[in-house]
Amino acid sequence: MSVITVDVWSDVVCPWCYIGRRRLERGVQRYREQGGMLEVEVVYHSFLLAPDTPEDFDGSVADFLARHKGMPPEHVQLMLDQVTDVAAAEGLAYDFPAAQHTTTLAAHEVLHLAAAHARQGPMVERLFRAYFEEGRHIGRAEELAALAADVGLDPAEVRAALADHRYADAVQQDVAQARAYGISGVPFTVVDGRYGISGAQDAEVFAQALAQATSDRQAVPTGGSGT
Amino acid sequence: VSGPTTDAGIATERPISPTTAAGAATPAALPGLPALQMLGGDGPGCVGDACDLPAPEPRER
């Protein structure tokens, strides 16, 4: 059966990316409910929103944005409060005061390792939940190894991969590909290599993109691509 | 760990080979950059450290 690939550029500490993941999931469900028959494969790609973030920052996300980045504290609080409300409407319990702000480079390396074992989806979910809901530190190798074990990956392999950075090039290639697309913010979704969706759009937008990609396939008789 | 709700409707993953993961990221999935047809306008997201504020919109549920 033909497969529609959905490529998502995302960062693990991006609050809209977790929200967008829920909306994409509902979009896929809606596509099915509306008769969409093609298999949908979601592939996550790395995007580093703030590569200069230190591994350890002594303070909350609000502190980091206000003190380290110079954003007005009242704007930061408004942003976090309102995003928390939107997340709650999607069934997500964001806990920004507990979140431990950190660099996400290592987490992205683990996502590539997970992809090599067909466990990327569960790993994405585990990292989002760990950061936004559980206050776990997703910048440290030991914590990442434990989280990876939660989704069935070998923690020893995670430690080794983070020590020799065997997936660092893959992370940078995702970043370069995002640049080639002109992506400056996330989440950013590409459906079937041709339809771009910027931001955490409503589920219906994802469903429509999948339906459009399906009808494109049906319009091309045969002799097309295979995978 | 993702539950049945989380991954509902999304295909089971196929492993991306270590060669692909370490070498070229999904080369087959993204040919012909960057001719994308944008759908749905500009949704909320994050650029750098700044994230969009939610638009005042009616909730779906």
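You'll find the structure just up there.
Per chain, residue numbering runs from 1 following the sequence as it is written. Starting at A for chains and at 1 for ligands, labels are handed out in the order in which the entities are written. Thresholds applied to this predicted model are a pLDDT of at least 70 for local features of residues and 80 or more for the giving and counting of side-chain atom pairs; totals over whole chains, interfaces and linings are not thresholded and use all residues. Excluded from the side-chain calculations are hydrogens and water; all other atoms, namely the structure's heavy atoms, are used.

S.K.: Outline the overall build of chain A, listing residues and values.
M.R.: Starting at the N terminus, helices and strands are each numbered in turn, a helix being any DSSP run of H or I of at least four residues and a strand any DSSP run of E of at least two. What chain A contains, in helices and strands, is nine helices and four strands. Order of helices (α) and strands (β) in chain A, N terminus to C terminus: β-α-β-α-α-α-α-α-α-α-β-β-α. Note that the radius of gyration is over C-alpha atoms, with the globule rule given as 2.2 Å times the number of residues to the power 0.38. Taken over C-alpha atoms, the radius of gyration comes to 18 Å for chain A, in line with the 17 Å a tight globule of 227 residues would show. With the C-alpha coordinates of chain A rotated into their principal frame, the extents come out at 60 × 40 × 30 Å.

S.K.: Give me the lowdown on the pattern of salt bridges, citing residues and values where you can.
M.R.: Residue and element names in this part refer to chain A. In the sections that follow, a salt bridge refers to a side-chain nitrogen of Lys or Arg positioned within 4 Å of a carboxyl oxygen of Asp or Glu. For the structure shown, the criterion picks out 18 salt bridges over all chains. The partner of R30 in a salt bridge is E204, with the nearest N and O atoms 3.2 Å apart. Highlighted residues: R30 in helix 1 (residues 15-33) and E204 in helix 9 (residues 203-219), separated in sequence by 174 residues. Note on classification: 1.4 Å probe, protein chains only; a residue is buried when its accessible area is under 20% of the maximum for its type, exposed when over 50%, partly exposed between these limits. Residue classification places E204 among the partly exposed positions, given a relative accessible area of 24%. The partner of R129 in a salt bridge is E134, and the shortest N-O contact between them spans 2.8 Å. Exposure remark for E134: the relative accessible area of 33% places this residue in the partly exposed category.

S.K.: Could you give me a rundown of the packing of helix 4 (residues 105-116) of chain A against helix 8 (residues 168-181) of chain A, with the residues and numbers involved?
M.R.: Residue and element names in this part refer to chain A. For the pair helix 4 and helix 8, interaxial distance at closest approach is 8 Å and the crossing angle is 100°. Classified by the interaxial angle, the pair formed by helix 4 and helix 8 is roughly perpendicular. Packed against helix 4, whose contacting residues are L105, H108, E109 and H112, the element helix 8 presents A168, A170, V171, Q172 and D174 at the interface. Each residue receives one of three labels: charged for Asp, Glu, Lys and Arg, nonpolar for Ala, Val, Leu, Ile, Met, Phe, Trp, Tyr, Cys and Pro, and polar for the others, Gly being one of them. Looking at the contact of helix 4 with helix 8, its residues break down into four nonpolar, three polar and two charged. Angles shown run from 0 to 180 degrees and are taken between the N-to-C directions of axes, each axis being a line fitted to C-alpha atoms and, for helices, limited to the stretch in contact. Working rule for angles: under 35 degrees goes down as roughly parallel, over 145 as roughly antiparallel, 65 to 115 as roughly perpendicular, anything else as oblique. Contacts are residue-level and defined by heavy atoms, with any inter-residue pair within 4.5 Å sufficient.

S.K.: Which residues make up the pairing of strand 2 (residues 39-46) of chain A, and what are the values?
M.R.: All names here are of chain A. In terms of burial, strand 2 is largely enclosed, as seven of its eight residues are buried. When DSSP finds at least two bridges between two strands, those strands are taken to pair. Relative to strand 2, strand 1 (residues 3-10) is paired through eight bridges, and the arrangement is parallel. Paired with S10 across the two strands is S46, which belongs to strand 2. Assignment of crossover handedness uses the view with strands pointing away from the viewer, where a clockwise path from the first strand over the helix to the second indicates a right-handed crossover. For the handedness criterion, the β-α-β arrangement of strand 1, helix 1 and strand 2 is classed as right-handed.

S.K.: Residues and numbers for the state of the cysteines, please.
M.R.: Residue and element names in this part refer to chain A. In what follows, a disulfide is any cysteine sulfur pair within 2.5 Å. Counted under the stated rule, the structure contains two disulfides over all chains. Bridging C14 to C17, the disulfide has an S-S length of 2.4 Å. As the torsion about the S-S bond is roughly 85°, the C14-C17 disulfide counts as right-handed. For C14, a relative accessible area of 0% corresponds to the buried category.

S.K.: Could you give me a rundown of the packing of aromatic side chains, with the residues and numbers involved?
M.R.: Residues and elements named next belong to chain A. Stacked, tilted and edge-to-face are the three classes assigned to paired rings of Phe, Tyr and Trp, where Trp is represented by its six-membered ring and a pair needs centres within 6.5 Å; plane angles under 30 degrees give stacked, over 60 edge-to-face, the rest tilted. Under the defined criterion, the tally for this structure stands at nine aromatic pairs over all chains. A ring pair is formed by Y94 and F132, whose centres lie 4.5 Å apart and whose planes are at 15°; its orientation type is stacked. Of this pair, Y94 sits in the loop between helix 3 (73-89) and helix 4 while F132 sits in helix 5 (residues 120-132), and the two are 38 residues apart along the sequence. Taken individually, Y94 and F132 each receive the classification buried, so the pair is uniform in this respect. When the centroid spacing of 6.0 Å and the interplanar angle of 90° are considered together, the rings of F96 and F132 count as edge-to-face.

S.K.: How would you sum up the side chain of H137 of chain A? Please name residues and give values.
M.R.: All names here are of chain A. Note on placement: H137 falls in the loop between helix 5 and helix 6 (141-150). Note on H137: relative accessible area 3%, which makes it buried. Side-chain atoms alone can form a polar contact between residues adjacent in sequence; in general such a contact is a pair of N or O atoms within 3.5 Å, and within protein one must be able to donate a hydrogen while the other accepts it. At 3.1 Å, the side chain of H137 forms a polar contact with the side chain of D56. Among the polar contacts made by the side chain of H137, one reaches the main-chain amide nitrogen of G139 at a distance of 3.1 Å. In this structure, H137 is in contact with E55, D56, Q100, T102 and E143, ignoring residues within four places of it in sequence.

These values are about where atoms sit, not about what they do.
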